[in-house]
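Here are the chains, one letter per residue:
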Amino acid sequence: MNTLVDITERHEAEQRIRRSEARYREIAAIVEFSDDAVLAMELDGVITSWNKGAERLFGYTATEVIGRPVTIITPTDRHDEEPTILARIRSGERIDSYETIRRHKDGSLVDISLTVSPVRDSQGAVVGASKIARDISERRRAEERQHLLLRELDHRVRNLFTLTGGLVALSARSAKTPEDLSSAVRGRLMALAKAHALTLRKPSENGHRTEPSTTLHTLIETILSPYDGRTDDERPRVVVSGPDTPIAGQSVTSFALLLYEFATNAAKHGALSTADGSIDIVCSEDEGRFVLKWTEHGGLRIDDHPDTEGFGTVLMRATVEGQLRGEISYDWNLPDLTIRLSVARDRLIAE
């Protein structure tokens, strides 16, 4: 006698098992090849699983860490985090993402975002914890760069307001009319704007920003560009020679103002005020000091040298002696004039 047995229920159970196993394999594959570090540990903190993401983030292979306490990647000053985490996990609590620091195998510190969840058995009891860690080092570096840029911007803006206020006050001392004041302030601010443009980092062909490459020759040529040309006998109005010394930081602003004042005075009553006047600017170095020699030829013939009091004198004291820690002297041999400026070379390249 043949007996028929209904195996539908068993068949469905087997299908459910196979589907569960397939889902488990899928989840295991997702965890194993996740970009994030995924690790599991027992309630005593011993590591039980360690994916490829954890290997990349912390430098240890699974073989090196499984069976060892999770504190292997915890900096000494953060060991109190683990007991707190495990205590919360034992109570069934999930710890939402928070930012912390862990230690790489090579000893370096890694900024991470960490999420911790309880692992339960088939009866719902908490038997361990799973951790997901994400590397946020690049984001932290970007935030730090942004913070530094904002601080630098704040510093520069404050300096700009202070400098502008000083320029207006000093210009007002010698201005006889509102037009004089407007012209003086506008010219000096334009000189500063040109100098500032030289210090800006420019993008290279690959998109990266390059370091500013300002030199003294470039600065001189930029400030004196309105006076570029030739004399009546076809000689260059301005000739610059000598070493082209790098210049950076506050020195750019200081030299821009000085050169502007020299050029403005030359245009009013010096070499640039006559058709055949010219200026020789010679740069040199002497025992760690930079020397600029500004010589005007063919200026106006006057009974005495022009009055250099007012803005010029204040600028010399505040800029040359104060900021550049240098010296400046005037040698009048009318109608020619020689200005000698000497500063420590390291002051030119200091940021």
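This is a predicted model, so every value here is computed, not measured.

Colleague: Which parts of the structure should I look at to understand the pairing of strand β3 (residues 95–103)?
Modeller: Within a regular strand, side chains alternate between the sheet's two faces. Pairing analysis gives 7 bridges linking β3 to strand β4 (residues 109–120), with the strands arranged antiparallel. Each bridged residue has a counterpart across the sheet, and for tyrosine 98 the counterpart in β4 is leucine 114. From the end of β3 to the start of β4, which pair antiparallel, there are 5 residues, and glycine 107 there has a positive phi angle of about 95°.

Colleague: Explanation requested: the sheet that holds strand β8 (residues 289–297) in the structure shown.
Modeller: In any sheet, the strands associate via hydrogen bonds between backbone groups, in a parallel or an antiparallel arrangement. In spatial order, the strands read β6-β7-β8-β10-β9; together these 5 strands make up an open sheet with mixed pairing. Of all strands in the sheet, those with a lone pairing partner are β6 (238–241) and β9 (327–333), marking the two edges. Within this sheet the neighbouring strands show an average axis-to-axis angle of 15°, counted without direction. Packed onto the sheet, helix α7 (residues 216–223) meets β6, β7 (278–286) and β8 and runs at close to 160° relative to β7.

Colleague: When you look at the side chain of threonine 295 in this model, what are you seeing that I'm missing?
Modeller: By the secondary structure assignment, threonine 295 is in strand β8. When near neighbours in sequence (up to four residues on either side) are disregarded, threonine 295 contacts Ser278, Ile279, Asp280, Leu337 and Thr338.

Colleague: What is the right way to look at the packing of aromatic side chains in this model?
Modeller: Geometry of an aromatic ring pair is reported as the spacing of the ring centres plus the angle between the planes. Counted under the stated rule, the structure contains 4 aromatic pairs. Summarising the aromatic geometry, the rings of tryptophan 50 and phenylalanine 58 are spaced 5.8 Å apart at their centres and angled 45° between planes, so their arrangement reads as tilted. Accessibility expressed as a relative area gives 5% for tryptophan 50, which makes it buried.

Colleague: Help me out: how do you make sense of the pattern of salt bridges in this one?
Modeller: Close approach of charged atoms lets side chains of opposite charge pair. Scanning the entire structure with this criterion turns up 14 salt bridges. The partner of glutamate 81 in a salt bridge is arginine 102, with the nearest N and O atoms 2.9 Å apart. With glutamate 81 in helix α4 (residues 81–90) and arginine 102 in strand β3, this pair connects stretches of sequence that are 21 residues apart. On the basis of relative accessibility, which here comes to 14%, the residue glutamate 81 falls in the buried class. Under the relative-accessibility criterion, arginine 102 is labelled buried at 2%.

Colleague: I would appreciate a short explanation of empty space enclosed by the protein in the present structure.
Modeller: Rolling a probe over the atoms, with the probe sized like a water molecule, indicates the empty space that remains. Enumeration over the complete set of coordinates arrives at 1 cavity of 30 Å³ or more. Of the volumes computed, that of the largest cavity is approximately 50 Å³. Mapped by element, the contributors of at least two residues to the lining of the largest cavity are β4 and β5 (126–135). Within the lining of the largest cavity, the residues separate by chemical class into 7 nonpolar, 1 polar and 3 charged.

Conventions used here
- Residues numbered from 1 in each chain as written.
- Predicted model: local features only at pLDDT ≥ 70, side-chain atom pairs only at ≥ 80, totals over all residues.
- Heavy atoms only, no water.
- Pairing = 2+ DSSP bridges.
- Helix = DSSP H or I, 4+ residues; strand = E, 2+ residues; numbered from the N terminus.
- Axes fitted to C-alpha atoms, helices over the stretch in contact; angles between N-to-C directions.
- Contact = heavy atoms within 4.5 Å.
- Phe/Tyr/Trp six-rings, centres within 6.5 Å; stacked < 30°, edge-to-face > 60°.
- Buried < 20%, exposed > 50% of the residue type's maximum accessible area, 1.4 Å probe, protein only.
- Salt bridge = Lys/Arg side-chain N within 4 Å of Asp/Glu carboxyl O.
- 1 Å grid on protein atoms, 1.4 Å probe; cavity = no way out; pocket = protein on both sides within 12 Å on 5 of 7 lines; lining within 4 Å.
- Points joined across faces, edges and corners; volume = space filled by probe spheres on them.
- Nonpolar A, V, L, I, M, F, W, Y, C, P; charged D, E, K, R; others polar.

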